[in-house]
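Commentary on secondary and tertiary structure
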Amino acid sequence: MFGYRVPAPDEAMLISGGRRWRGGAPFRVVVGHGSFVFPLFRRARYLTLAMQESEVAESCVTRQGISLNVRAVIAFKVGNDDESIVNAGQRFLSDQDQMGTLTGRIFAGHLRSIIGSMTVEEIVTERQKLAVEVLDGSKEEMAKIGLIVDALQIQSIDDQNSGYIDAMAAPHRAAIQRQAKIAQAQANQASAEAEQESNRKQAEYARQTAVVQAQYKAEVDKAQAESAQVGPLTQAQSQMGVINAQADLANRQAELRQRQLVAEVIRPAEAEADKVRILAQADAERIRIQAAAAASHDRVALDRMLIDQLPQIVKEAANGLAGANVNVLNGAEGLGELTAGLVAQGLTILDSVKRNLAASPTAGSGAPDGEDDDGEVAAPRALSSGSPDGESIR
């Protein structure tokens, strides 16, 4: 719109012309909004409200007489209130670059003054105190020209190669170096201890690993050995079973052969021996009877007949014994008892015949020779008292 002006957000519009403004100011201050400026009657100028900076590099002498080069940076701007804007506008509106130059000169003077009242140690160690005192000393002068300081930063302090700051820092540097060496030594010791601990743990782990591997290897070797022995052991057990079976078979065959030998050789031989013994006994009895018959003249004929029959009777009994399937329960003793029984039976028969003949009133006129009163032969009847099947008489 014609004649309407609006200042930038970081500017103050100064409208001059016409009557005097409030407070006797030569111009009206407009900030943050627009205003009509009538041509030919009013004139609008702009004053920056933006932040500005100024650098200060000044050679100062301390209270100890030591020269120091001090560099500082000042951040400042025009104040936001109308009074500050009016004061700054009256001084810098035509040449706003002069604000930085004038600010630097003001701070340089205050910096020299304050450093002159301090020692190098205080300046070096208490830079913030120096900055605060400089700000406090320049605040009134800066307000008069409409400026405010936002920050003051001491950038560097140099003793112009006099060595004072270095000498002052030497004990601290030595202490720091000593502490650094101690820390480095401690770090090296800790590192060595850590390395030794790591090596010890690695060695322990390696030892445990070796032990476990040896145990595993021993178990594997044992299992392999047992596995290798299973085949021969099984084969040996099988062979032992075969040998035991063969031994049992040999024992059974020996027992069977022994039984066969007893049945085929020993028992026939014993039977033959008993036969010979029975015949010998019968012959001896015959001789005895013959002798007895010779002593008794009246019975010569009868005794002769009996004597003649007795060997035949005993022979028949012996033949029956030889051909019989006799089972002797108690071995040779039983066989001897059987033979003795046969001989005793023969003698009993003979005695029975003698008693019968002696009891008969007509011994010579009785039954024929070899027969009793019933017409039966005595010897066969006496033999028939044995086992009909040829078994043992016992």
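Scroll up to find the structure.
Throughout this description, residue numbers start from 1 for each chain and increase along the sequence as written. Two thresholds apply to this predicted model, a pLDDT of at least 70 for residue-level local features and 80 or more for giving and counting side-chain atom pairs, whereas whole-chain, interface and lining totals are computed over all residues. The side-chain values count all of the structure's non-hydrogen atoms but skip hydrogen atoms and water molecules.

1. Quick look at the sheet that holds strand S7 (residues 67-78)
Strands pair, by our definition, only if DSSP identifies at least two bridges between them. The helix and strand labels rest on DSSP assignments: H or I over at least four residues marks a helix, E over at least two residues marks a strand, and numbering proceeds from the N terminus. Strand order in this open sheet of three strands is S6-S7-S8, and the pairing throughout is antiparallel. Only two strands of the sheet have a single neighbouring strand rather than two, namely strand S6 (52-61) and strand S8 (147-158). Pairwise comparison of adjacent strand axes, ignoring direction, gives a mean angle of 20° for this sheet. Bridging between S6 and S7 involves 10 bridges; their strand directions are antiparallel. Within the sheet, the bridge partner assigned to Ser59 lies in S7 and is Asn69. Across the face of the sheet, helix H2 (residues 98-115) comes into contact with S6, S7 and S8 while running at roughly 30° to S6. A fitted line through C-alpha atoms serves as each axis, taken over the contacting stretch for helices, and the angle formed by two N-to-C directions is quoted from 0 to 180°. The contact criterion used is simple: two residues touch if any of their non-hydrogen atoms lie within 4.5 Å.

2. A short note on the packing of H2 against helix H4 (residues 127-144)
In the contact formed by H2 and H4, the axes pass within 9 Å of each other and the chain directions differ by 130°. When the axis of H2 is compared with that of H4, the two are oblique. Pair H2 / H4 crosses with right-handed handedness. On H4, the residues that touch Thr103, Ile106, Phe107, His110, Leu111, Ile114 and Ile115 of H2 are Leu130, Glu133, Val134, Leu135, Gly137, Ser138, Glu141 and Met142. In the scheme used here, Gly and all other residues not listed as nonpolar or charged are polar, with Ala, Val, Leu, Ile, Met, Phe, Trp, Tyr, Cys and Pro taken as nonpolar and Asp, Glu, Lys and Arg as charged. Residues of the contact of H2 with H4, tallied by class, amount to nine nonpolar, four polar and two charged. Throughout, the term roughly parallel applies to angles under 35 degrees, roughly antiparallel to angles over 145, roughly perpendicular to angles from 65 to 115, and oblique to all others. By convention the crossing between two helices is left-handed if the near helix lies anticlockwise of the far one by an angle smaller than a right angle, and right-handed if it lies clockwise.

3. Examining the nonpolar core
Here, the term nonpolar core denotes a set of buried Ala, Val, Leu, Ile, Met, Phe, Trp, Tyr and Cys residues that are joined through side-chain atoms within 4.5 Å. Note on classification: 1.4 Å probe, protein chains only; a residue is buried when its accessible area is under 20% of the maximum for its type, exposed when over 50%, partly exposed between these limits. Core analysis: the largest hydrophobic core is formed by 41 residues, its most contacted members being Leu68, Val78, Ile85, Leu111, Leu130 and Leu147. Ranked by the residues each element gives to this core, the list is headed by H2, at seven residues. With five residues, the next largest nonpolar core counts Met13, Ile15, Val37 and Ala44 among its residues.

4. Details of the sheet that holds strand S2 (residues 11-16)
Pairing between the strands of a sheet comes from backbone hydrogen bonds, and it takes one of two forms, parallel or antiparallel. With respect to topology, three strands assemble into an open sheet ordered S3-S2-S5, the strand pairing being antiparallel. Where the open sheet ends on each side, the last strands, each with one partner, are strand S3 (27-30) and strand S5 (43-48). In this sheet, neighbouring strand axes are inclined to one another by 30° on average, regardless of whether the strands run parallel or antiparallel. Relative to S3, S2 runs antiparallel, the two sharing four bridges. Within S3, the residue paired with Met13 across the bridge is Val30. Across the sheet, helix H1 (residues 82-92) is in contact with S2, S3 and S5; its angle to S3 comes to roughly 125°.

5. Looking at the pattern of salt bridges
For this analysis, a salt bridge means a side-chain nitrogen from Lys or Arg found within 4 Å of a carboxyl oxygen belonging to Asp or Glu. Summed over the entire model, instances satisfying the criterion amount to nine salt bridges. One salt bridge in this structure joins Asp221 and Lys217, with 3.0 Å as the shortest N-O distance. Here Asp221 pairs with Lys217, and both are found in helix H5 (residues 164-295), just four residues apart, close to one helical turn. The class of Asp221 is partly exposed, set by a relative accessible area of 34%. Among the residues examined, Lys217 registers a relative accessible area of 53% and is labelled exposed. Between Asp274 and Arg277 there is a salt bridge whose closest N-O contact spans 2.0 Å. One end of the pair is Asp274 and the other is Arg277, both in helix H5 and three residues apart, which spans about a single turn. On the basis of relative accessible area, Asp274 is assigned to the buried category, the value being 3%.

6. Re H2
Here the expected span of a helix is defined as 1.5 Å times the quantity of residues minus one. Between its terminal C-alpha atoms H2 stretches 26 Å, which fits the 26 Å expected from 18 residues at 1.5 Å a residue. Looking at H2, one finds that the buried residues are Met99, Gly100, Thr103, Gly104, Ile106, Phe107, Ala108, His110, Leu111, Ile114 and Ile115.

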